[in-house]
Amino acid sequence: MNSKLKIFTVLAIVFTVNLVCWAVSTRQIDDVRDKAVLDSDDLVVIDDFVAQAVQELLSTRDFTSIAKIRAAILSRNNSNVSSAAEQYASRFSASAHKYISEAFELALGQASSDASFKVRVNLLILVDELKDLRLADLAMVKLDDENTVIRYLAVHAITNPAIVEQLNSGKNADLQLAKKITERLEKLVNRCDADTIALIAQFAADVRIPQGENLLLRIADKRIAEYANWTVESELLDASILKLLCDKMISNRKNVLDDKAAVARRFGQLYSYAMQRYINGKDFLDEQAGKQLISTLVEVEKTCISKLMEMPQSVIKRAIEQDSYDGLLHEYNRLFGDGQNPGQLTLKLDFNYGESDGSERVTSLVLPQPPEK
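Residues numbered from 1 in each chain as written. Predicted model: local features only at pLDDT ≥ 70, side-chain atom pairs only at ≥ 80, totals over all residues. Heavy atoms only, no water.

Let us now look at the side chain of Glu235. Along the chain, Glu235 turns up in the loop between α12 (210–228) and α13 (237–254). Of note is the side chain of Glu235, whose polar atom sits 3.0 Å from the side chain of Arg277. (Helix = DSSP H or I, 4+ residues; strand = E, 2+ residues; numbered from the N terminus. Polar contact = N/O pair within 3.5 Å; in protein donor to acceptor, adjacent residues only side chain to side chain.)

Pasting the structure below:
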């Protein structure tokens, strides 16, 4: 066991008895940040600083102190001198990976599950805040955690915009990692709550690989199936998903992709189901679901339908304000078809809703009647 690992072991014991450790010294690391050229001793200073800071994070319970420790780490994760920036960042990242990884292992060995949970939460927040693609695997390991909060934080750490920007660098290694992350996230879709799905959907829309678009379609399919079964929850989430699908369609007008029709089909069917759920479920939905559906329908009409149809649209908004279900049904038929004739959305975007009896379906699927309460 090396000396630093021994320190970790001692601090794990200290953490258990809830003692507050010493403050991290920042004088040496601040001197190194101002150097134009780094030598081996400077690299040791970086390593020691990260080790001590993570150790203190392990042994501190006070939330204010924990926030200060994270801030101290984040404010010193790069050099002040451009000539030393790459060397400094590389060493800092390697040290962070090493000691955060060891800290996760120590946290899992804690006798108190509550203490272990708090440490893992703070470590994931640190990984998220560092926004370093080289630390992504530390969060990916936690994607299968049984705890919903841990899974959410792990997803948040690998889907934040700074990470996506790095994945979109065009480098082959980043491209391969983007594929790997996307594959892992796809496996999570059926286990996620609405907040986590929202993160994954945004990531899927922003990452520049075909697998990202496939993941977004997979999420849309999941929501469509839940509407069909009347098991959908958090209907407000669909406003975000529909906007992402809309943005894909608009971008596809300039850069035609093979899945243009597939994206339009999911948009049409998901929005159709949301509208049918509101119309047909007026005696089934609770107040919260009704309000969320209203927000989704009105927001998507304003931000998406108006763009796609290339003219302002507010019929749905007015019908809801007037409590006119007949007005909503009329607009539904106009947009999605009446069962016989295609709707304006289908004609404008040139797509279909799949096949039925060997021929193209030009109108959206009809939502089954709600189950009895």
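A low pLDDT means the predicted coordinates there should not be read in detail. Within the protein, residue pLDDT values average 90, and 91% of them lie at 70 or more. Contacts for the low-pLDDT stretch residues 1–22, under 50 throughout, to residues beyond four places or in other chains number 38 contacts. Below pLDDT 50 for its whole length, residues 254–258 participates in two contacts with residues either more than four positions away or in separate chains. (pLDDT = per-residue confidence, 0-100. Contact = heavy atoms within 4.5 Å.)

Our focus in this paragraph is helix α6 (residues 113–130). The terminal C-alpha atoms of α6, which comprises 18 residues, lie 26 Å apart, in line with the 26 Å expected from a rise of 1.5 Å per residue. When α6 is considered as a whole, its buried residues turn out to be Ala115, Ser116, Val119, Arg120, Val121, Asn122, Leu123, Leu124, Leu126, Val127, Asp128 and Leu130. Among the residues trailing α6, Lys131 stands out with phi positive, at a value near 55 degrees. (Expected span 1.5 Å × (residues − 1). Buried < 20%, exposed > 50% of the residue type's maximum accessible area, 1.4 Å probe, protein only.)

Before going further, it helps to spend a moment on the nonpolar core. Ile100, Leu185 and Phe267 are the most contacted members of the largest nonpolar core, which has 116 residues in total. Non-local contacts of Ile100, meaning those with residues more than four positions away in its chain, are made with Val54, Leu123, Leu126, Val127, Leu130 and Leu138. (Core = buried A, V, L, I, M, F, W, Y, C linked by side-chain atoms within 4.5 Å.)

Applying the stated criterion across every chain, the model contains 20 salt bridges. Between Lys118 and Asp114 there is a salt bridge whose closest N-O contact spans 3.3 Å. On the criterion of helical spacing, the pair formed by Lys118 and Asp114 is a turn pair, its members being four residues apart in helix α6. Between Glu299 and Lys243 there is a salt bridge, with its nearest N and O atoms 3.0 Å apart. Here Glu299, found in helix α15 (residues 287–309), pairs with Lys243, found in helix α13; they are 56 residues apart in sequence, far enough to count as distant. Residue classification places Glu299 among the partly exposed positions, given a relative accessible area of 28%. Of the residues examined, Lys243 reaches a relative accessible area of 28% and is grouped as partly exposed. (Salt bridge = Lys/Arg side-chain N within 4 Å of Asp/Glu carboxyl O.)

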